[in-house]
Amino acid sequence: MKQKVFLISDTHFSHSNVIRYENRPFRDADEMDKHMIQKWNEVVSENDLVFHLGDVIIGSAKRAQEVLTQLNGRKILILGNHDHYTKTKWRKLGFEPYERYFYQDYLFTHIPVQEEPLRVAVAEGFLKANIHGHTHLNNQHLDRNLYKCCCVEFIDYTPILFDEFVQI
């Protein structure tokens, strides 16, 4: 069976305030966590690769262990501004952490990179775009030819296939 590659960002597992901040359709963090774990495991198998573009969980180390070890797949984490565990701890939770990552001529980051250098890199053919998280629903100011946001609010709280995402 061929390995599939998925993208997701800003799950904010166990973060009750994000429900209000981003108008997420959940009663509480427990309902949100259960829903996202179920959606994740419905599409991601153990052999698949998931790039998580940051802000995985806001909660205790114990809660992180309970939630994150349930997620299928091989997971690469692009560290977000809320991902405060050590790289060793992330590895124990099943995530290989990076500051940024290049994949098939796309730059994966948590926070969108500066526009002018990105514009030059795309114009010169070095990159196709910056795939990022962080902005949630507040990304109208970004040039959609340069930036592609994979925050959960845009992808039905479910990891999305990389090939499908870049076509959107």
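Refer to the structure above for everything that follows.
Draft legend 1. Inspection of the nonpolar core at higher detail. With 43 residues, the main nonpolar core has L7, L68, F108 and I131 as its most contacted residues. If we skip the residues at most four places from it in the chain, L7 touches F51, L53, F108, I131, C150, I155, P159, I160, F162 and F165.

Draft legend 2. Quick peek at the environment of F13. The topology assignment puts F13 in the loop between strand 1 (5-8) and helix 1 (16-21). For F13, a relative accessible area of 0% translates into the label buried. Spatially, the C-alpha atom of F13 lies 16 Å from that of K89, the residues being 76 residues apart in sequence.

Draft legend 3. A look at the sheet that holds strand 9 (residues 160-161). As summarised here, the arrangement of the 5 strands in space is 4-3-2-1-9, forming an open sheet in which the pairing is mixed. Strand pairing shows two members of the sheet lacking a second neighbour, strand 4 (95-98) and strand 9, which therefore form its edges. Here strand 1 runs beside strand 2 (residues 49-52); their pairing, made up of 4 bridges, is parallel. Note that in strand 2 the partner of L7 across the bridge is F51.

Draft legend 4. View of the pattern of salt bridges. Evaluation of the coordinates by the stated rule reveals 12 salt bridges. Among the ionic pairs, R63 bridges to D33, the shortest N-O distance being 2.9 Å. Here the residue R63 occupies a position in helix 3 (residues 61-68), and D33 occupies one in helix 2 (residues 29-43), the gap between them amounting to 30 residues. Look at R63 and you get partly exposed, because its relative accessible area is 24%. The class for D33 is buried, based on a relative accessible area of 1%. When the shortest N-O distance is used, the salt bridge between D156 and K39 registers 3.4 Å. Taken as a pair, D156 in the loop between strand 8 (147-149) and strand 9 and K39 in helix 2 lie far apart in primary sequence, 117 residues in all. Shared partners join several salt bridges into a network, and the residues in it are D30, D33, K34, K62, R63 and E66.

Draft legend 5. A look at the packing of aromatic side chains. A complete count under the given rule lists 11 aromatic pairs for this structure. Where Y103 meets F108, the ring centres are 6.0 Å apart and the plane angle is 35 degrees; that geometry is what we call tilted. There is no split in this pair, since Y103 and F108 are both buried. Seen from their ring centres, Y103 and F162 are 4.9 Å apart, and the 85 degrees between their planes marks the pair as edge-to-face. Of the two residues, Y103 sits in strand 5 (residues 101-103) while F162 sits in helix 6 (residues 162-167), which places them 59 residues apart along the sequence. F162 shares its class with Y103; the two are buried. The cationic tip of K75 hangs over the ring face of F95; the distance from NZ or CZ to the ring centre is 5.7 Å.

The rules we used
- Residues numbered from 1 in each chain as written.
- Predicted model: local features only at pLDDT ≥ 70, side-chain atom pairs only at ≥ 80, totals over all residues.
- Heavy atoms only, no water.
- Core = buried A, V, L, I, M, F, W, Y, C linked by side-chain atoms within 4.5 Å.
- Buried < 20%, exposed > 50% of the residue type's maximum accessible area, 1.4 Å probe, protein only.
- Contact = heavy atoms within 4.5 Å.
- Helix = DSSP H or I, 4+ residues; strand = E, 2+ residues; numbered from the N terminus.
- Pairing = 2+ DSSP bridges.
- Salt bridge = Lys/Arg side-chain N within 4 Å of Asp/Glu carboxyl O.
- Phe/Tyr/Trp six-rings, centres within 6.5 Å; stacked < 30°, edge-to-face > 60°.
- Lys NZ or Arg CZ within 6 Å of the ring centre and 35° of its normal.

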